[in-house]
Amino acid sequence: MPPTTRLESARAMVPKLELAGIRKQFSFAGKTLPVLEGVDLSVEEGEFVSVIGPSGCGKSTLLNIMAGLEEPDQGTLCMDGADAAGRLGKVGYMPQKDLLLPWRNVLDNTILGPELQGVSRSRARQQALGLMERFGLKGFEGHYPFLLSGGMRQRAALLRTVLAGRDVILLDEPFGALDALTRSRLQEWLLELWSGLGKTMVLVTHDVDEATLLSDRVYVLTARPGRVKMVMPVALPRPRTLDMVTQPAFLSLKASLMTALREEDLRAQEEPWR
Ligand SMILES: Nc1ncnc2c1ncn2[C@@H]1O[C@H](COP(=O)(O)OP(=O)(O)OP(=O)(O)O)[C@@H](O)[C@H]1O
Ligand SMILES: [Mg+2]
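What comes next is a walk through the structure.

**A short note on the overall build of the protein**
Item 1. For the protein, the count of helices and strands is nine helices and 10 strands.
Item 2. Here the protein has a C-alpha radius of gyration of 19 Å; the compact-globule value for 274 residues is 19 Å, and the two agree.
Item 3. Taken along the three principal axes of its C-alpha coordinates, the protein extends 50 × 50 × 40 Å.
Item 4. Taking all contacts inside the protein whose residues are at least 6 apart in sequence as the whole, residues at least 24 apart take part in 71%.

Structure follows, in structure tokens:
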């Protein structure tokens, strides 16, 4: 629906998440490692944005900064137009490793967010049980993480992230360790989930197909220190389906992203000390 009041128009123009001039370096064993340098990135409300870049270029660090787990050395971060100093706990975050608690079954792993927010365990469980089918976990609620397949672990971690109830969700290589078929099934499923939930998503991935298929825009970072090399709008129609990956429009976007990524990957390999 188009905005009807001046206030709504103003709100509609404010990005959900806006990072400007983000700089971050780490000091370790007496050495300083510049990791991010002048990164500008914005995400509109309800938008799906992906970040790709060579290994070690600072993608997870960038998500940690968005989540509030790390602070930048320089630069600003705004949520809904306001300074995001107190953002810790305001976004849903699925870190690179699924980090399911081995002593909790699937159901109790997924309710961690609401529980930490003070929601009673029985109420949180009711809510989670209502979503098990949609997340392909029905019948496995009582299983412990070691009994699950890789794909199920990822879906359980994703459900836990969704149940944290935040309108911004950060996903760090959610399907990283999966075989190609499981991965594409989960990508399709994530697309469906995203369109149903209306959340703002930021996805870090190494997979150019995944970034192109899912996103409204893709950011390509340079080799470390990560800078924004390229921002690629993905103007493919929605709803998107897996068969799009062979269409010429998709292939041409993918080729541009691959070229940019390969250039940076090569630089990262030629100068690994950077
Ligand atoms: N807390 C930390 N202290 C010191 N160095 C760190 C810390 N966190 C990350 N680094 C270093 O910062 C660099 C960027 O790490 P980061 O995890 O952000 O990369 P990445 O782009 O996510 O890599 P990958 O694609 O392999 O996951 C790496 O060289 C890493 O060793
Ligand atoms: Mg990472």
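Past the structure itself, the notes keep going.
**Focus on the environment of Pro-102**
Item 1. Looking at the element boundaries, Pro-102 is found in the loop between strand S6 (92-94) and helix H3 (106-110).
Item 2. Considered as a pair, Pro-102 and Tyr-144 are 42 residues apart in the sequence and their alpha carbons are 6.6 Å apart.
Item 3. When neighbours within four sequence positions are excluded, Pro-102 is seen to be in contact with Tyr-144, Pro-145 and Phe-146.

**Some words on the site of ligand 1**
Item 1. The local shell around ligand 1 holds 13 residues, among which Phe-26, Ser-55, Lys-59, Ser-60 and Thr-61 are the closest.
Item 2. Put simply, the parts of the chain that give the shell around ligand 1 at least two residues each are strand S1 (17-28), strand S2 (31-43) and helix H2 (59-67).
Item 3. Ranked by the residues each element gives to the shell around ligand 1, the list is headed by H2, at three residues.
Item 4. Taken together, the residues that form the shell around ligand 1 break down as five nonpolar, seven polar and one charged.

**What about the nonpolar core?**
Item 1. Counting residues in hydrophobic clusters, the biggest one holds 65 residues, and the most contacted among them are Ile-52, Leu-63, Met-66, Leu-170, Val-202, Val-220 and Leu-257.
Item 2. With six residues, the single largest contributor to this core is helix H6 (residues 150-163).
Item 3. When neighbours within four sequence positions are excluded, Val-202 is seen to be in contact with Val-43, Val-49, Val-51, Leu-63, Met-66 and Leu-170.

**Quick word on the sheet that holds strand S10 (residues 228-233)**
Item 1. Spatially, S6-S7-S8-S3-S9-S10 is the arrangement adopted by the six strands of the open sheet, whose pairing is mixed. With one partner strand each, in any of the chains shown, S6 and S10 form the two edges of the open sheet. Neighbour-to-neighbour, the strand axes of this sheet turn through a mean angle of 15 degrees, independent of strand direction.
Item 2. Across five bridges, the pairing between strand S7 (residues 168-172) and strand S8 (residues 200-204) is parallel.

**A closer look at the sheet that holds S1**
Item 1. Read across the sheet, four strands follow the order S2-S1-S4-S5 without closing on themselves; strand pairing throughout is antiparallel. Every other strand in the sheet has two partners, leaving S2 and strand S5 (82-83) as the edge strands with one partner each.
Item 2. Summarising the sheet, S1 and strand S4 (residues 74-79) pair through five bridges and their orientation is antiparallel. In the sheet register, Leu-19 faces S4, and the bridge partner there is Leu-77.

**Some details on the environment of Gln-74**
Item 1. When you line up the elements, Gln-74 lands in strand S4.
Item 2. In this structure, Gln-74 is in contact with Gly-21 and Arg-23, ignoring residues within four places of it in sequence.

**Some details on helix H7 (residues 180-197)**
Item 1. For H7, which comprises 18 residues, the first-to-last C-alpha distance of 25 Å matches the rise-based estimate of 26 Å (1.5 Å per residue) to within 8%.
Item 2. Taken residue by residue, H7 has Arg-183, Leu-186, Gln-187, Leu-190 and Leu-193 as its buried positions. One face of H7 carries all of its buried residues, which in axial projection span an arc of 130 degrees. Exposed positions of H7 whose direction lies more than 90 degrees from the buried face are Leu-181 and Gly-196.
Item 3. The inward-facing, buried residues of H7 contact H6 and helix H8 (208-214).
Item 4. Following H7 by one or two positions, Gly-198 adopts a phi angle in the positive range, close to 65 degrees.

**A short note on unusual backbone geometry**
Item 1. Residue Pro-225 is bonded to the preceding Arg-224 through a cis peptide linkage, with omega at 0 degrees.
Item 2. Checked against the element boundaries, Pro-225 lands in the loop between strand S9 (217-221) and S10.
Item 3. Put simply, Arg-238 and Pro-239 share a cis peptide bond, and its omega is 0 degrees.
Item 4. Following the sequence through the fold, Pro-239 ends up in the loop between S10 and helix H9 (248-270).
Item 5. Here the phi dihedral of Ala-29 falls at roughly 50 degrees; this positive angle occurs in a residue that is not glycine.
Item 6. Along the polypeptide, Ala-29 turns up in the loop between S1 and S2.
Item 7. Looking at Ala-29, the number of C-beta atoms within 10 Å reads 4, which means it is exposed.
Item 8. The backbone of Asp-80 sits at a positive phi, close to 50 degrees, despite the residue not being glycine.
Item 9. Within the secondary structure, Asp-80 is located in the loop between S4 and S5.

Analysis parameters
- Residues numbered from 1 in each chain as written.
- Chains lettered and ligands numbered in written order.
- Predicted model: local features only at pLDDT ≥ 70, side-chain atom pairs only at ≥ 80, totals over all residues.
- Helix = DSSP H or I, 4+ residues; strand = E, 2+ residues; numbered from the N terminus.
- Rg over C-alpha atoms; globule rule 2.2 N^0.38 Å.
- Contact = placed C-beta atoms within 7 Å.
- Near = placed C-beta within 6 Å.
- Nonpolar A, V, L, I, M, F, W, Y, C, P; charged D, E, K, R; others polar.
- Core = buried A, V, L, I, M, F, W, Y, C linked by C-beta atoms within 7 Å.
- Buried ≥ 20, exposed ≤ 12 C-beta atoms within 10 Å, placed from the backbone.
- Pairing = 2+ DSSP bridges.
- Axes fitted to C-alpha atoms, helices over the stretch in contact; angles between N-to-C directions.
- Expected span 1.5 Å × (residues − 1).
- Arc of directions from axis to C-beta.

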